[in-house]
Each structure stands twice: as structure tokens, then as C-alpha cells.
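Understanding the architecture of this molecule
Spelled out, the chains give:
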Amino acid sequence: MKTAKDYLDEANAVVKKIDFDAALQKHNSKSAVFIDVRDSGDIAKTGTITDALKIQRGLIEFVADEATKLYNDALKKDSEIIFSFLLFMKTAPPSPIVI
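As a starting point, this report considers the structure included with it. The structure displayed is predicted, hence computed values, not measured ones. Each chain carries its own residue numbering, running from 1 in the written order of its sequence. pLDDT decides what is reported in this predicted model: residues at 70 or higher carry local features, side-chain atom pairs at 80 or more are listed and counted, and totals for whole chains, interfaces and linings draw on all residues regardless. Note that the side-chain values use all heavy atoms of the structure and ignore hydrogens as well as water.

**Focus on the overall build of the chain**
Defined as follows: Put simply, DSSP marks the helices as runs of H or I at least four residues long and the strands as runs of E at least two long, and each gets a number from the N terminus on. A simple rule labels every residue: compare its accessible area, found with a 1.4 Å probe on the protein chains alone, to the largest value its type can have, and call it buried under 20%, exposed over 50%, or partly exposed in between. In what follows, residue pairs with any heavy atoms lying within 4.5 Å of each other are defined as contacts. In short, Shrake-Rupley with a 1.4 Å probe defines the accessible areas, and a residue's cover is counted only from the protein chains shown.
Helix and strand content of the chain: four helices and five strands. In the chain, buried positions account for 21% of the 99 residues. The contacts of the chain with a sequence gap of at least 6 include a subset with a gap of at least 24, amounting to 34%. For the chain, the exposed area adds up to about 7400 Å²; of that, 59% sits on carbon and sulfur atoms.

What follows is the structure in C-alpha cells.
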């Protein structure tokens, strides 16, 4: 039986990560859609990226699906999408930005 770590390892093997400078360049050139997947309480505490879509993780599939009423045209299939989330721990730096 797979563990949570197994699922995370599999996901991390296929998810591309970029550093802050690369993300900033994409943001400044408006060449990607940024999505903040944190809940509204976390966003209210720390703020978010300018012009980022705020879509909670549990809704992303619906917002990206043209067949649903929640569909957002910014999430076209050919769009580069960058998910932003910040995970802070007492001794660890913020997590990377994931695209």
C-alpha cells in the first residue's frame, strides 16, 4: 500500500519547479497565469501575488474545465500556469513556486 510520502515523491518527480527570479520574470512579462491555491484566511494574513487568480486546491479542476459553470477562460489548455503556495515552518524557507 502506498504511503503519503510515496504519493508526494511521485508528484515531485513530474512537477516542474522554478525559483523566485524565474517566476518574477514570467510575472513581469505576463507570460504565465499565476494561481494562489491557499485558502482565503492565509491570503488575508500574508497577501498574494499581484493579479494572481485565487483558486483553492479543491476547485482547480472545475475552474479549468470548460464544461463547468466555474470555468475561467484564463486557464486555456495552452496557458502556462504557475501555482503559488507558501509553506512556512520555523526552520525552513518558503516552498518553491510550482508550475
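**Remarks on unusual backbone geometry**
For Lys30, which is not a glycine, the phi torsion comes out positive at approximately 55°. Residue placement: Lys30 occurs in the loop between helix 2 (20-29) and strand 2 (33-36). On the basis of relative accessibility, which here comes to 64%, the residue Lys30 falls in the exposed class.

**A few points about the side chain of Asp36**
With respect to the helices and strands, Asp36 occurs in strand 2. Relative accessible area serves as the criterion here: at 2%, Asp36 is assigned to the buried category. Leaving out residues up to four positions away in the same chain, Asp36 has contacts with Ile43, Gly47, Thr48, Ala52, Leu53, Lys54, Ile55 and Ser84.

**Some points on the nonpolar core**
We count it as follows: Residues grouped as a nonpolar core are buried Ala, Val, Leu, Ile, Met, Phe, Trp, Tyr and Cys residues, joined through side-chain atoms within 4.5 Å.
Core analysis: the largest hydrophobic core is formed by seven residues, namely Val33, Ile35, Val37, Ile55, Ile60, Val63 and Leu75. Among the secondary structure elements, those contributing two or more residues to this core are strand 2 and helix 4 (60-63). If we skip the residues at most four places from it in the chain, Val33 touches Leu53, Ala74, Leu75, Ser79, Glu80, Ile81 and Ile82.

Just geometry here; none of it tells us what the structure is for.
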